[in-house]
Amino acid sequence: MVSHVLLCETNDGLVLVDSGIGRSDIAAPKSRLGRVALALGPALRVEETAAHQIEALGYQLSDVRHIVATHLDYDHIGGALDFPHATVHTTAAELRTAQARRRLPERLRYRRPHVEAITSFQTYDGTGEELLGLPTAHPILGVEDVWLVPMPGHSIGHAGVAVRTSNRGWLFHAGDSFYHRGALSPSRSAPISRAAILGAIELTMASIPAKVRANHQQLRKLAHDPSQRVSVFCAHDAVLFDRLRAEQSPIFP
C-alpha cells in the first residue's frame, strides 16, 4: 500500500492534497506515529516524503501555500509540519473530532503532535455547491479550481478533493473513501480477493460504516460517467498510483 499525496502547481502557489508521513515522523516514529502504527510495518523512507520529493523538483518548502486534507489521520497529515507556511483546509467536523479525540479509535488515528503542530486551519461546513453530480462541494478559499467534497464514512469529517486541470480533465483524490480499485468496478469481486479483504478492513476501520458503500456508489458513478472526464483514485491503492505516475504529465489546474 502507498500513501498517495497529490502536488498541484497553481496560480496561488503549490497546493498539496494530503501531506503523507513527514520527516519528523521518520525521525521519531514511536512518539509521533505510535506503537499501533508501527506494528503495521510502514516503510519509513525520507526520500519518499512529500518534502523530499518537492525539493527534488527544485521547489522550496515555503512554496507550498495550501494543504487540502481528505482527513487528519496520521498517514495523511503527519507531513504538514514540513510546510510551516501552508494553511491546512479540512471540514469543520474533521477538525473538531481530531482535536477532541474522545474515543480510543480517535486517539489512535489522530495523533496529538500532528494536529497541535498546525498553526493555520481553514474549515468548511454547511451547504456548499453541486459539483460533478455530487451534492455538496466547498471551493477552497484562496485557490482556484480545487474543491473539498464531504464524504463522511472512513472518518466523521472525511472528504474527497476535486481538482480541475487544464490539460487532463478532473482529478478526484478520494482519500480513504475506498481502499482498492475494485470498489470502482461495476462487477462484484470474487468472495475471496484482495479487494474483498481490504473492503472488510475498510468497514472495520470506518467511523460511519453505513456510509462507506454509499460513497463507493457515488465514486463508481463518477468514475464511469461518460459526460465527465474524471480520474478517480484513492490514497492507498498502489496500482492507481502507478497509473497516474505513468502518465508523466505535469498537473496545472
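Treat the numbers as computed from the prediction; the structure is a model and nothing was measured.

Peer 1: Can you lay out the sheet that holds strand β7 (residues 134–139) for me, pointing to particular residues and giving the numbers?
Peer 2: One open sheet holds the 6 strands; their spatial order is β6-β7-β8-β9-β10-β11, and the pairing between them is mixed. One side of each edge strand has no neighbouring strand; the edge strands of this open sheet are β6 (129–131) and β11 (230–233). For this sheet, the mean inter-axis angle between neighbouring strands, taken without regard to orientation, is 35 degrees. As defined by bridge partners, strand β8 (residues 146–150) adjoins strand β9 (residues 159–164) across 5 bridges and the pair is classed as antiparallel. Bridged to Val146 within β9 is Val163. Packing against the sheet, helix α10 (residues 212–223) makes contact with β7, β10 (170–173) and β11, and its axis sits at approximately 145 degrees to β11.

Peer 1: So what's going on with the sheet that holds strand β4 (residues 87–91)? Which residues, and what values?
Peer 2: In spatial order, the strands read β1-β2-β3-β4-β5; together these 5 strands make up an open sheet with mixed pairing. What marks the edges here is a single partner per strand, and that holds for β1 (6–10) and β5 (121–124). Put simply, the sheet's adjacent strands are angled 20 degrees from each other on average, direction ignored. Direction of pairing for β1 relative to strand β2 (residues 13–17): antiparallel, over a ladder of 5 bridges. The residue bridging Thr10 from the neighbouring strand is Gly13, located in β2. Against the sheet, helix α6 (residues 92–100) makes contact with β4 and β5, and its axis sits at roughly 100 degrees relative to β4, the strand it touches most.

Peer 1: Requested: an account of the pattern of salt bridges, with residues and values cited.
Peer 2: Taken as a whole and assessed by the stated rule, the structure comprises 8 salt bridges. Glu55 is the salt-bridge partner of Arg23, the closest N and O atoms lying 2.6 Å from each other. Of this pair, Arg23 sits in helix α1 (residues 23–27) while Glu55 sits in helix α4 (residues 50–56); the two residues are 32 residues apart in sequence, bridging distant segments of the chain. For Arg23, a relative accessible area of 27% puts it in the partly exposed group. Its salt-bridge partner being Arg181, residue Asp237 comes within 3.1 Å of it at the nearest N-O pair. One end of the pair, Asp237, is in the loop between β11 and α11 (238–247); the other, Arg181, is in the loop between β10 and α9 (194–205), and 56 residues separate them in sequence.

Calculation rules
Residues numbered from 1 in each chain as written. Predicted model: local features only at pLDDT ≥ 70, side-chain atom pairs only at ≥ 80, totals over all residues. Heavy atoms only, no water. Pairing = 2+ DSSP bridges. Helix = DSSP H or I, 4+ residues; strand = E, 2+ residues; numbered from the N terminus. Axes fitted to C-alpha atoms, helices over the stretch in contact; angles between N-to-C directions. Contact = heavy atoms within 4.5 Å. Salt bridge = Lys/Arg side-chain N within 4 Å of Asp/Glu carboxyl O. Buried < 20%, exposed > 50% of the residue type's maximum accessible area, 1.4 Å probe, protein only.

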